[in-house]
Amino acid sequence: MGIDSRYDRRTFLKLAGATAAVAACGGATPAASAAPASSAAAATAAPVTGTISVYSALNESTNNEFFGAFRKAYPGVTVNVLPLAAAGELQTRIRTEKASPKADIFIGGSSEFHDPLGKEGLLEAYIAPNAKDIDAKFKEATGLWTGWYTGIFGFISNNDRLSKELGGKKPASWDDLLDASWKGKLILPSPLLTGGGYIFMATQIFRFNKDEAKAMDYMKKLHANIAQYVPTSPGALALIDQGQFVGCPNWVHDILTEKTKGNPVDVNVPADTGFEVGAVSIVKGTKSLAAAQALVNWSITKDAGDLNVKLSNRGSTRTDVAPAAGAPKLTDVKLVNYDRQWATDNKDRLLKLWQSTVGL
Amino acid sequence: MPSPSALQSLDAGAVHLRLAHVTKRFGDTAAVDDISFDVPRGSFATLLGPSGCGKTTTLRMIAGFYDPDAGDIVLGGRRINELPAHRRGTAMVFQDYALFPHMTVRGNVSYGLRLAKVAKDELARRVNETLDFVGLGKLGDRWPNQLSGGQQQRVAVARALVLRPEILLLDEPLSNLDAKLRVQLRWELRTLQQQLKMTFVYVTHDQDEALSLSDWIAVMNAGKVEQHGAPWEIYYRPKTAFLADFVGAVNLVPGTVREVRGGQATVQFGERSVTVPVPADTSLREGGEVKLCVRPEALGLAPRGATTDGAALPGTVARKAFLGDLMRYWVTIDGREWIVDQPDPGASTPLDGEVLVQVRPERVHVIAG
Amino acid sequence: MRSLQREPGLLLALLAVIVLVCVFILYPQIRVIITPGTGYIDFLSGGTWIRSTSQSIQVMVLSTTTAVLLGFVFAYAMVYTDMPWKPFFRLIGILPLLSPPFVVAASYLILFGPRGLITYGIFGQTISVFGLGGIWGVQTIAFFPFAYQLIADVLSRSDARLEQAARNLGAGPWQVFRSVTLPLSRPGLGAAILTTAIYVLEDFGNPALIGGTFTVLPTQAYGLISGFGDLPGATAVSTLLLALALILYVAKIRLDGGRSFITVSGRASSMPRPPVPVVLTWACFVACLLLAVVILTVYGTLLVSALTLNFPNNLSFTTKHFEYITSDVNGTALQNTLIFGVVAAAFSAVFALVAGWLVERGSWPGRRVLDFLLIMPAAIPGLFFGIGYATAFNEAWLDWLDRGVLIIISMIFWNIPVGYQAAVAGLRQIDRTMDEAATSLGASSLRGFRDVLIPMLGGSISVGFVTTFVRAVTTLSVVIFLFTSGTTVATIRIFQLVNDLNWGRATAFTVADIGMAILALGGIALLSRGRIALGAARA
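What you are looking at is a predicted structure, and each value in this text was computed from that prediction instead of being measured.

**Some details on the overall build of chain A**
Across its full length, chain A carries 13 helices and eleven strands. Out of the 360 residues in chain A, the part that is buried amounts to 56%. By sequence separation, contacts in chain A at least 24 residues apart represent 75% of the contacts at least 6 residues apart.

**Focus: the sheet that holds strand S19 (residues 354–359) of chain B**
All names here are of chain B. Strand order in the open sheet formed by five strands is S15-S19-S16-S17-S18, with antiparallel pairing between adjacent strands. With one partner strand each, in any of the chains shown, strand S15 (299–303) and strand S18 (336–343) form the two edges of the open sheet. Neighbouring strand axes in the sheet, compared pairwise and without regard to direction, differ in orientation by 45° on average. Sheet analysis places strand S16 (residues 311–322) next to strand S17 (residues 326–333), joined by six bridges and oriented antiparallel. Bridge assignment links Phe322 to a residue of S17, and that residue is Met327.

**Considering the domain arrangement of chain B**
All names here are of chain B. The assigned domain composition of chain B is domain 1 (4–243) and domain 2 (249–368). The centre of domain 1, based on its C-alpha atoms, is set 38 Å off from the matching centre of domain 2. Counting from both sides, the interface comprises six residues of domain 1 and, opposite them, seven residues of domain 2.

**Examining the interface of chain C and chain B**
Across the boundary between the two partners, chain C contributes 25 residues, which contact 28 residues of chain B. Where the side of chain C that touches chain B is concerned, the elements lending two or more residues are helix H1 (2–6), helix H21 (432–440) and helix H22 (445–456) of chain C. Per element, the largest residue contribution to the side of chain C that touches chain B is six residues, and it comes from H21 of chain C. Considering only residue class, the side of chain C that touches chain B consists of eight nonpolar, ten polar and seven charged.

**Observations regarding the domain arrangement of chain A**
Residues and elements named next belong to chain A. Domain assignment breaks chain A into domain 1 (44–150 + 276–316) and domain 2 (151–275 + 332–358). On a C-alpha basis, the centroid separation for the pair domain 1 and domain 2 is 28 Å. The interface of domain 1 with domain 2 comprises 14 residues on the first partner and ten residues on the second. Put simply, the parts of the chain that give the side of domain 1 that touches domain 2 at least two residues each are helix H4 (111–119), strand S5 (145–158) and strand S10 (275–283). Residues of the side of domain 1 that touches domain 2, tallied by class, amount to three nonpolar, seven polar and four charged.

**Section: the interface of chain C and chain A**
Each partner contributes to the interface: chain C provides 63 residues, whereas chain A provides 72 residues. Secondary structure elements with two or more residues in the side of chain C that touches chain A: helix H2 (8–33), helix H6 (103–112), helix H11 (205–210), helix H12 (217–228), helix H16 (328–361), helix H18 (382–393), helix H19 (403–414) and helix H24 (490–499) of chain C. Considering each element in turn, the side of chain C that touches chain A owes the most residues, eight residues, to H16 of chain C. Residues belonging to the side of chain C that touches chain A are distributed by class as follows: 32 nonpolar, 24 polar and seven charged.

**Thoughts on the packing of helix H4 (residues 48–80) of chain C against helix H7 (residues 132–156) of chain C**
All names here are of chain C. Closest axis-to-axis distance for the H4/H7 pair is 5 Å, and the angle between their directions is 40°. One way to sum up the angle between H4 and H7 is to call them oblique. Seen from above, H4 lies across H7 with right-handed handedness. Classifying every residue of the contact of H4 with H7 gives 21 nonpolar, seven polar and no charged.

**Considering the nonpolar core**
If you look at the biggest cluster of nonpolar residues, it comprises 394 residues, and the most contacted ones within it are Ile105 of chain A, Val201 of chain B together with Ile151 of chain C. Ranked by residues supplied to this core, first place goes to H16 of chain C with 21 residues. Apart from residues lying up to four places away in sequence, Ile151 of chain C is in contact with Gly71, Phe72, Ala75, Ser185, Gly188, Leu189 and Ala192 of chain C.

**Brief notes about H4 of chain A**
Of all nine residues making up H4 of chain A, seven are buried, and the element is well covered by its neighbours. At the C-terminal side of H4 of chain A, Gly121 of chain A shows a positive phi close to 80°.

**Things to note about the confidence of the model for chain B**
Segments scoring low in pLDDT should not have their predicted coordinates read at a detailed level. Residues and elements named next belong to chain B. Confidence in the prediction for chain B averages 88 pLDDT; 96% of positions are at 70 or higher. No element of chain B has a lower mean pLDDT than helix H1 (residues 4–7), which averages 43, and none a higher one than strand S3 (residues 44–48), which averages 95. Ignoring residues within four places in sequence, the model shows residues 1–12, a span with pLDDT below 50, making 18 contacts including any to other chains.

**Re the pairing of S17 of chain B**
All names here are of chain B. Side chains Met327, Tyr329, Val331 and Ile333 of S17 all project onto a buried face; the interleaved residues Leu326, Arg328, Trp330 and Thr332 project onto a face where none is buried. Turn length for the S16-S17 hairpin, with the two strands adjacent in sequence and antiparallel, is three residues, and the turn residue Gly324 shows positive phi of about 90°. Pairing of S17 with S18, which is carried by eight bridges, proceeds in the antiparallel orientation. From the neighbouring strand, Thr332 faces S18, where its bridge partner is Glu337. Connecting S17 to the antiparallel partner S18 that follows it, the hairpin turn spans two residues, and Asp334 within it adopts a positive phi of roughly 50°.

**Examining the packing of helix H20 (residues 416–429) of chain C against helix H23 (residues 458–474) of chain C**
Residue and element names in this part refer to chain C. Interhelical geometry of H20 versus H23 gives an angle of 170° and a closest axis separation of 8 Å. Our classification of the angle between H20 and H23 gives roughly antiparallel. Contacts between H20 and H23 pair Val418, Gly419, Ala422, Ala423 and Gly426 from the former with Gly459, Ser460, Val463, Gly464, Thr467 and Thr468 from the latter. Grouping the amino acids of the contact of H20 with H23 by side-chain chemistry returns four nonpolar, seven polar and no charged.

**Quick notes on the arrangement of the chains**
The top pair by number of contacts, from a total of two pairs of chains in contact, is chains A and C. Separated throughout, chain A and chain B approach each other most closely at a C-alpha pair spaced 26 Å apart.

**A word on the sheet that holds strand S14 (residues 289–294) of chain B**
Residues and elements named next belong to chain B. Spatial strand order, S13-S12-S11-S14-S20: five strands in an open sheet with antiparallel pairing. On the outer flanks of this sheet lie strand S13 (272–277) and strand S20 (365–368), each paired with one strand and no other. Each neighbouring strand pair of the sheet contributes to a mean axis angle of 40°, computed without reference to strand direction. Pairing geometry for strand S11 (residues 251–261) and strand S12 (residues 264–269), over five bridges, is antiparallel. Counterpart to Val260 in the pairing with S12 is Ala265.

**Some details on the environment of Thr232 of chain A**
Structurally, Thr232 of chain A can be placed in the loop between strand S7 (226–230) and helix H8 (233–241). The exposure class assigned to Thr232 of chain A is buried, which follows from the 24 C-beta atoms found within 10 Å. For the pair Thr232 of chain A and Leu188 of chain A, spaced 44 residues apart in the sequence, the C-alpha separation amounts to 9.4 Å. If we ignore the near neighbours within four places in the chain, the residues touching Thr232 of chain A are Pro189 and Thr194 of chain A together with Asn499 of chain C.

The rules behind the values
- Residues numbered from 1 in each chain as written.
- Chains lettered and ligands numbered in written order.
- Predicted model: local features only at pLDDT ≥ 70, side-chain atom pairs only at ≥ 80, totals over all residues.
- Helix = DSSP H or I, 4+ residues; strand = E, 2+ residues; numbered from the N terminus.
- Buried ≥ 20, exposed ≤ 12 C-beta atoms within 10 Å, placed from the backbone.
- Contact = placed C-beta atoms within 7 Å.
- Pairing = 2+ DSSP bridges.
- Axes fitted to C-alpha atoms, helices over the stretch in contact; angles between N-to-C directions.
- Domains from an automatic or database assignment.
- Nonpolar A, V, L, I, M, F, W, Y, C, P; charged D, E, K, R; others polar.
- Parallel < 35°, antiparallel > 145°, perpendicular 65-115°, else oblique.
- Left-handed = near helix turned anticlockwise from the far one by under 90°.
- Core = buried A, V, L, I, M, F, W, Y, C linked by C-beta atoms within 7 Å.
- pLDDT = per-residue confidence, 0-100.

Following this line, the structure appears as structure tokens:
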């Protein structure tokens, strides 16, 4: 990554001095700025140039290669990535920075995190040329955000404990998790703290055709079997890797990654499951609109889709991108009729309903 | 602004420190209540009083640690109310010494000079001189916790003296020492002050200390100055019964003025009466209640039947105590006990039984009210 | 106060402190507090806060009690006894402060979870650390160092003469402790209780990972942001936390109002402390050793994870995790962490001391308000301190401001409370005649403070420096809204690696972060010739 703005000893002293000056007068002297020295060779006649700051909620392992490939495709664009695998925090950052936006691009994270920003007028609408290849349900109509990857919700289980304690029986449907044999062996990413947890809960509502009472009854019964609501989705995977618990609803692509690392876990997809649409959007106020638009447009190319599948095991919103080995295709699994807009609009209400149902 | 009365008639030569109508309140109580006095230049001045009388508060106002709520403090002809404490030139010696534990003796003593940016050579010379002066010449490199109480006190004094302050303030500096050391250091302080001809303002609750050290004493009680003046004046001519009692053993006999004429008053006490001089600033009226004040050593004692000059009151010895340099008698006269001191008890056989107490009228002091 | 008018330097210092506190503590928080607007009504009537508030208070009361108790025992052992291995225990006394988010809590889970290496692996028990019991235990160990540092500083300044006097009056060792040592350490104890309670209240990481279904206010607030993007609701929770802190603060003021805790009078003494009975010394040693074993096991697990391929499923030795963390952006992150931490700690310690002196020794009106404002940051979850800064200082006209500087400033003021409390507690033990002695010798208040009080307050400065440094190099939440790609820090990288489930790299990074912090503290201790010690206790 092109971050060469290290703090050497001289900058350190300047920094200390600047801190003293700012601390002393409450802010009136210009501080030493550790501006990156641009080393981009601008000799080539690249059509798009500029510097963009990207707020990326993508996995750490995806960031480097993914943006590396983009740089190769657009050598005139300097990309500064601010990696933070927590879409909620990035969303909050964009909100708190609205007086003077620091991001040009917000990439990664379910569209639920992009959509409210668009409604608040913090995003720049852009209908990318390549968006013509993307199904309408994967993109915002006015181009405030564009979906470029998909994630399917599945189930991770610890091989050893599953065979010993549950006879190796993986849940074929979400209802199977209500069986008393799962009591204390199940964990769930917290619906309050994680996008995945919320999608799981919303999935149950859609499973019962938006009959919230039935869905809450399910969540309440499930609650009796849940040992722990984990604050992050990956955190829940680690607990299954370690065998602390037996199973957990989680993202298929992340489970696959864990399995590939050699952890004693397996993945399956219960019927009527939910999915996410990973989005990319342009932050309003960008000073490099052309470069930002180039990134959005590039993200929905087949090349980018293939690369992302390879790096993260996720699916693509493009039909011409094949899923990762061992990963189900969106069209092959039995999906619930997931009304994304409704789920986004009713999020506050539903989570409060859930809280009062299970008493958390 | 200084009130005119504070500066008027201030003779900078004679008066070094003047307090005029100074008041300090803590909440609702007045710790110091409208006090005024002048301290003569070059004198050993003492604020004497029981604990809680306001003497330390007064000293701390002079030092600048407290701001007076009213009144003026004038030092060397200059009103110092608004002067920050550290610019007043009023070095102070504390009851607990307040030596800086992280500095050596030399470090403590040189601290003020270093603040004043005194040149290195002169600094060293003055520090050595002062340490020698207080007898600590060899202990300069010690740390405070390696010193005895008396030595710490000397360091505290040296630390203040080395600055040649305008005035030296001492807050009960000897009260933490044992009796013998206390008496010794008392004389050292007095000698020091006389050699330096510096003005000392000394706070104590010990009247022996006050009488023996001071050129000038102000006795305070309940936030007020009851009287100030030379020690013998305080001792022999107290203005109030409290004062008379506070500064030493005294016979206080209530009486009634029968006649005032030509600077003399005839006072009746019990069945008897005595004609005594009226103190200069006291006005007596006939029929007024007064107290006769006689120090025990101003009375004489003789066997019954001896011839005496002046008034002789017949009484009976109730008990007596041998105090070394004198014999103290408690003599009952008309049902009231009088204290009588006889000097040089070794020169005669102690008296007993029926005796005569001799009263010289010129040694009797009258306190009005 | 009239002395302020007479000493322009003093007035200037006071004004500077007030302005800085207003700009860097009060103003950002006001921006946070006004965020919800009418959202407060929705939030309060929603009622989801009732359960998490009562659970927060429950955790706070339990954990504070045990953490302060543990801190007191540790401090007493370090200051009073001559038990062996003190330098080792000094390190143990700050190690739990060096806990980057998630990783240390995760280590507890690996050891004490339902299939924990110790609980299940050794004892065959499936007792789980999840829930109240687990949080209580983990918070006790995580926060006892605050109590230890503050109490040790106060104990080490207590006057042996008072204890000898009590012995002389016929008191046994226990009675001396109860009737003299304990009461005189009250300023430290009060500060320790307040600080620990507020930090427990504010902590997010441990309850989130170990709480299970047990929600506390910070986890709720974090959830509202992370899961809902509900900034108004989350800030309402933050305001609730501040209100609780205010209540604690008022309670503390009433508790030690107006008493004297002076142990350092002007009279010097070379008297040694009465000896602690041998039995007690060894009891202290054993207690400290047990604590050390638990702490070392938890941190040792991190080291093992960092050196194995895929802990605990693949234990082959490898150094590749450490190779990774020194490569490009990661090396920068470590470097930034060190620089930010040292600069922030130095400024924070000095500022805390000056502010503590102005508040404790001054008599100007409104100092109680300043006092509270200086303790308040402890009650602000780092997340909201960061949000406050991001909101308040992310203005177009402030774009010249280097983000590194802003991060440092946020660390300075977020970590003020401990150093400030230590300074106030220290000053309360030093008789005012020490200040007056300097003044009467011609030193202005500021000069006397510099020449006389600061040298006597070495321990308090050290407390401020060490805690700020340690928290600065381990905080994630304050930085998460402020960092940029050039000003990223170790904790951000650790957070990334944890979320990437790269446990080996995450632990390697954690070990490097902690190791670097310890080396830095050791180096600073050497440079300052022991004036800033690893931990506060000067035995």
